[in-house]
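# Geometric and topological summary
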Amino acid sequence: MDTKQLIASEIAKVVPNLEQHTVLSLLETPKNSDMGDLAFPAFSLAKIMRKAPQIIASDIAEQIDASFFEKVVAVGPYINFFLDKSSISADILGQVVAQGSNYANQEIGGGRNVAIDMSSPNIAKPFSIGHLRSTVIGDSLANLFEKIGYKAVKINHLGDWGKQFGMLIVAYKKWGDEEAVKAHPINELLKLYIRINAEAEEHPELDEEARDWFRKLEAGDEEAIALWQWFRDESLVEFNRLYDELGVTFDSFNGEAFYNDKMDEVVDILTEKGLLEESQGAQVVNLEKYDIEHPALIKKSDGATLYITRDLAAALYRKRQYDFAKSVYVVGNEQSAHFKQLKAVLKEMGYAWSDDITHVPFGLVTKEGKKLSTRKGNVILLEPTVAEAISRAAAQIEGKNPNLANKEEVAHAVGVGAIKFYDLKTDRLNGYDFDLEAMVSFEGETGPYVQYAHARIQSILRKADFTPSTDATYSLNDAESWEIIKLIQDFPRIIVRAANNFEPSIIAKFAISLAQSFNKYYAHTRILDENPERDSRLALCYATATVLKEALRLLGVEAPNEM
Ligand code: ARG
């Protein structure tokens, strides 16, 4: 049983009229473990019981059934609880040994779906670091929700529609070279796109041509569709190469184009409900009552639909298709206004499920402290960057363990894991500076540091030739192992907190603490020496490795057994 719960129910037993949840909210973790594992301050009871808090504390401490605890002592107005390390460690180690990587699985989701809109790069444009953040955060959220019993549906809402495709078609027809596009699709298409935008400044008729081509595309013109399809396919080949490197998969690649024939319904419903207003020839939904200054622009004066029109159609489609319990959009915080509008329009349309929609924003990445800008040449090209991370990881492994058999595989796991971990340990809303050297370092709060702790434990277990048995009882009561046991005991709660807050950094920070606590333990304890506690110590190693590996898996990071 959860120790906080246990203490709350024991206190509630001896103090009449005190609710368990009140006790739970008052329990504190003392800064110093000399003051016990948990403390209950008696101040708040002074008024109701009309006694001094010191007296209340000592009364309660005396009456508590101490059989679950090492001791319960009143210190001034506090009651300090010292948990019984032996029985709690036996319980926790027993659970991990019995359940392995299923430890901390929960049934909260009841098998319901969580739709996760993630990655969603734009066709014919470079995959940005923002798209990387969305990919990595979204993937981890999917793992977290699956861990607590939901089914994650990972959706890549590709930016594959809009007037820019009219621009691209015109540019390609004027200046395009098939072979060049085939060789470096995104690079070539981007060049064409930049060129036509520049030329359109002086030749506005190009804009008109582009609009025409986009209209043709929307109407299903054969030539327009063929070119669009080709640009899309070629771009996806490049994106998929990166997804393979990152080990990220999707359940759907339905992007904006998929909703081309599904927007009429949105406009019809809005019209039927009297929500559309005309504003300078355009159709808009006024959202002032939601404190949203700008109305949502649904249709332009020339009849063209917009990004939000497609997102409205997508939301309706997802609700029907997946009947989601939650629908999550992992998109940079520069799009916050868009998602506020999206939710508000759906609410206006009368969909109660609009409350289940959450925009999960994240902060900006900088390089050498400066904002990234394609124009100023401050860019991070992802494929070469990932390759560089892998080769730096390989160099470190070469130094540490030159005889390692599957070096390449491990270098890949460490290099890719390093980038992901660094991103995920950052509080989502904060940005960070993209510093490859810091990411791949084996020291500090990094992925390789946690992976290395895991691999070190695996090597101890191999040396001891130890496999835990579900029939044995493993228990420990020293202070260093206790730190580890408390963390492992907390893992299920940590996972729920991370999922509820859409915050993988909670898991990354947990993994760092667990790895650090283990390294401290390892420095103090001769695990392999003959000792009556040897098996329990090895079981602690096993449990730590199991939980570290699972925490890394939740972050989408691999845990090699040797490195
Ligand atoms: N393609 C967009 C961009 O790169 C992100 C799309 C996010 N998802 C969505 N449903 N709007 O900015």
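Check the entry above for the structure.
So, how was this worked out
Residues numbered from 1 in each chain as written. Predicted model: local features only at pLDDT ≥ 70, side-chain atom pairs only at ≥ 80, totals over all residues. Heavy atoms only, no water. Helix = DSSP H or I, 4+ residues; strand = E, 2+ residues; numbered from the N terminus. Buried < 20%, exposed > 50% of the residue type's maximum accessible area, 1.4 Å probe, protein only. Contact = heavy atoms within 4.5 Å. Areas by Shrake-Rupley, 256 points an atom, 1.4 Å probe, with all protein chains shown as cover. Lys, Arg positive; Asp, Glu negative; His and termini not counted. Charge placed at Lys NZ, Arg CZ, Asp CG, Glu CD. Salt bridge = Lys/Arg side-chain N within 4 Å of Asp/Glu carboxyl O. Patch = residues over 30% accessible without salt bridge, like charges linked within 9 Å, V, L, I, M, F, W, Y side chains within 5 Å. Pairing = 2+ DSSP bridges. Expected span 1.5 Å × (residues − 1). Axes fitted to C-alpha atoms, helices over the stretch in contact; angles between N-to-C directions. Parallel < 35°, antiparallel > 145°, perpendicular 65-115°, else oblique. Nonpolar A, V, L, I, M, F, W, Y, C, P; charged D, E, K, R; others polar. Polar contact = N/O pair within 3.5 Å; in protein donor to acceptor, adjacent residues only side chain to side chain. Near = heavy atom within 4 Å. Right-handed = clockwise from strand over helix to strand, strands pointing away. Phe/Tyr/Trp six-rings, centres within 6.5 Å; stacked < 30°, edge-to-face > 60°. Lys NZ or Arg CZ within 6 Å of the ring centre and 35° of its normal.

Turning to the overall build of the protein chain, a few remarks are in order. Summing up its helical and strand segments, the protein chain has 21 helices and 13 strands in all. Projected onto its principal axes, the C-alpha coordinates of the protein chain cover approximately 85 × 65 × 40 Å. Burial status across the protein chain gives 53% buried among its 563 residues. Sequence separation of at least 24 residues holds for 72% of the intrachain contacts in the protein chain that already meet a minimum separation of 6. Carbon together with sulfur atoms contributes 47% to the accessible area of the protein chain, which is approximately 25,800 Å² in total. When the 62 basic and 84 acidic side-chain charges of the protein chain are each reduced to a single mean position, those positions are 3 Å apart.

On to the pattern of salt bridges, then. Per the stated rule, a full pass over the model turns up 35 salt bridges. Here Asp427 ties to Lys509 by a salt bridge, and the two come within 2.3 Å at their closest N and O atoms. With Asp427 in the loop between α16 (407–425) and β13 (432–433) and Lys509 in helix α20 (residues 505–524), the pair connects residues that are 82 residues apart, well separated along the chain. Using a relative accessible area of 32% as the deciding quantity, one classes Asp427 as partly exposed. Take Lys509: its relative accessible area is 39%, and that puts it in the partly exposed class. Shared partners join several salt bridges into a network, and the residues in it are Glu208, Arg211, Asp212 and Arg215.

This next bit is on a nonpolar patch on the surface. Together, Met35, Val73 and Val75 make up a nonpolar patch on the protein surface, roughly 200 Å² of accessible area in all. Summarising the element assignment, Val73 is placed in strand β2 (residues 69–75).

Take the sheet that holds strand β12 (residues 370–371) next. The strand order across the open sheet built from three strands is β12-β11-β13, with neighbouring strands paired in mixed fashion. Two strands lie at the open edges of the sheet, namely β12 and β13, each paired on one side alone.

Between the first and last C-alpha of helix α13 (residues 307–322) there are 22 Å, a value that for 16 residues agrees with the 22 Å anticipated at 1.5 Å per step. In the segment just after α13, Asp323 is the residue with positive phi, at about 40 degrees.

Even without a glycine there, the phi angle at Ala104 is positive, about 75 degrees. Among the secondary structure elements, Ala104 is positioned in the loop between α5 (85–99) and β4 (113–117).

Sheets are built from strands paired through backbone hydrogen bonds, the pairs being either parallel or antiparallel. Read across the open sheet, the four strands follow the order β5-β4-β9-β10; overall the sheet is parallel. The sheet is open, and its two edges are formed by β5 (151–155) and β10 (357–360), each paired on a single side. Direction aside, the axes of adjacent strands within the sheet are offset by 20 degrees on average. Sheet analysis places strand β9 (residues 326–330) next to β10, joined by four bridges and oriented parallel. Counterpart to Tyr329 in the pairing with β10 is His359. Contacts between helix α6 (residues 129–147) and the sheet are confined to β4, β5, β9 and β10, with β9 contributing the most and set at about 155 degrees to the helix.

At their nearest, the axes of α16 and helix α18 (residues 447–464) sit 8 Å apart, and the two run at 130 degrees to each other. If you check the angle between α16 and α18, you find them oblique. When α16 is examined against α18, the residues Ala413, Val414, Ala418 and Phe421 are found in contact with a partner set consisting of Gly447, Pro448, Val450 and Gln451. A class-by-class count of the residues in the contact of α16 with α18 yields six nonpolar, two polar and no charged.

Our next topic: the environment of Gly100. Note that Gly100 resides in the loop between α5 and β4. Sequence spacing of Gly100 and Ala543 is 443 residues, and the spatial spacing of their C-alpha atoms is 8.0 Å. Apart from residues no more than four positions distant in its own chain, Gly100 is found in contact with Gln95, Tyr542 and Thr546.

Further remarks concern the pairing of strand β1 (residues 38–41). Residues Leu38 and Phe40 of β1 are buried on one face, and the alternating residues Ala39 and Pro41, pointing to the opposite face, are buried as well. As defined by bridge partners, β1 adjoins strand β3 (residues 78–83) across four bridges and the pair is classed as antiparallel. When the sheet's bridge partners are listed, Phe40 is paired in β3 with Ile79.

Moving on: the side chain of Lys147. Looking at the element boundaries, Lys147 is found in helix α6. With a relative accessible area of 3%, Lys147 lands in the buried category. A polar contact is formed between the side chain of Lys147 and the side chain of Asn105, at a distance of 2.7 Å. Lys147 has contacts with Ser101, Asn102, Tyr103, Ala104, Asn105, Gln106, Ile495, Glu550, Arg553 and Leu554, leaving out every residue within four places of it along the chain.

Turning to the site of the ligand, a few remarks are in order. Around the ligand, the structure places Asp117, Ser120, Asn122, His131, His157, Tyr307, Asp311, Tyr329, Val331, Gln335 and Phe339. Between the ligand and Asp117, the relevant distance is 2.8 Å, taken from a nitrogen atom to a side-chain nitrogen or oxygen of the residue. The separation between a nitrogen atom of the ligand and a polar side-chain atom of Asp311 is 2.7 Å. Summarising the interface, the protein chains cover 89% of the accessible area of the ligand, which totals 350 Å² for the free molecule. Residue composition of the shell around the ligand, by class: four nonpolar, five polar and two charged.

A regular strand carries its side chains on alternate faces of the sheet. Most of β5 sits out of view: four of its five residues are buried. In this structure, β4 lies alongside β5, joined through five bridges in parallel fashion. When the bridges of β5 are listed, Asp117 appears paired with Ile155. Handedness of the crossover is the feature at issue here: the chain leaves β4, passes through α6, returns alongside β5, and the resulting connection is right-handed.

Along its 18 residues, α18 runs 26 Å from first to last C-alpha, staying within 8% of the 26 Å computed at 1.5 Å per residue. In terms of burial, α18 is a largely internal element, 13 of the 18 residues being buried. By the N-cap criterion, in which a side-chain oxygen at the helix start approaches the backbone nitrogen of a residue two or three places on, α18 is capped by Thr446, the distance to Tyr449 being 3.1 Å. One or two positions beyond α18, positive phi appears at Asp465, with a value near 50 degrees.

This next bit is on the environment of Pro532. By the element assignment, Pro532 lies in the loop between α20 and α21 (534–554). For Pro532 and Arg553, which are 21 residues apart along the polypeptide, the C-alpha to C-alpha distance reads 33 Å.

With that out of the way, let us pick up the packing of aromatic side chains. Under the criterion given, the structure shown has 26 aromatic pairs. Ring geometry for Trp161 against Trp228: centres 5.4 Å apart, planes inclined by 90 degrees, an arrangement best described as edge-to-face. One end of the pair, Trp161, is in the loop between β5 and α7 (163–175); the other, Trp228, is in helix α11 (residues 222–246), and 67 residues separate them in sequence. One aromatic cluster is present, built from ring pairs that chain together Phe127, Phe239, Tyr243, Phe250 and Phe253. Taking the ring centre of Phe258 as reference, the NZ or CZ of Lys262 above it sits at 4.0 Å.

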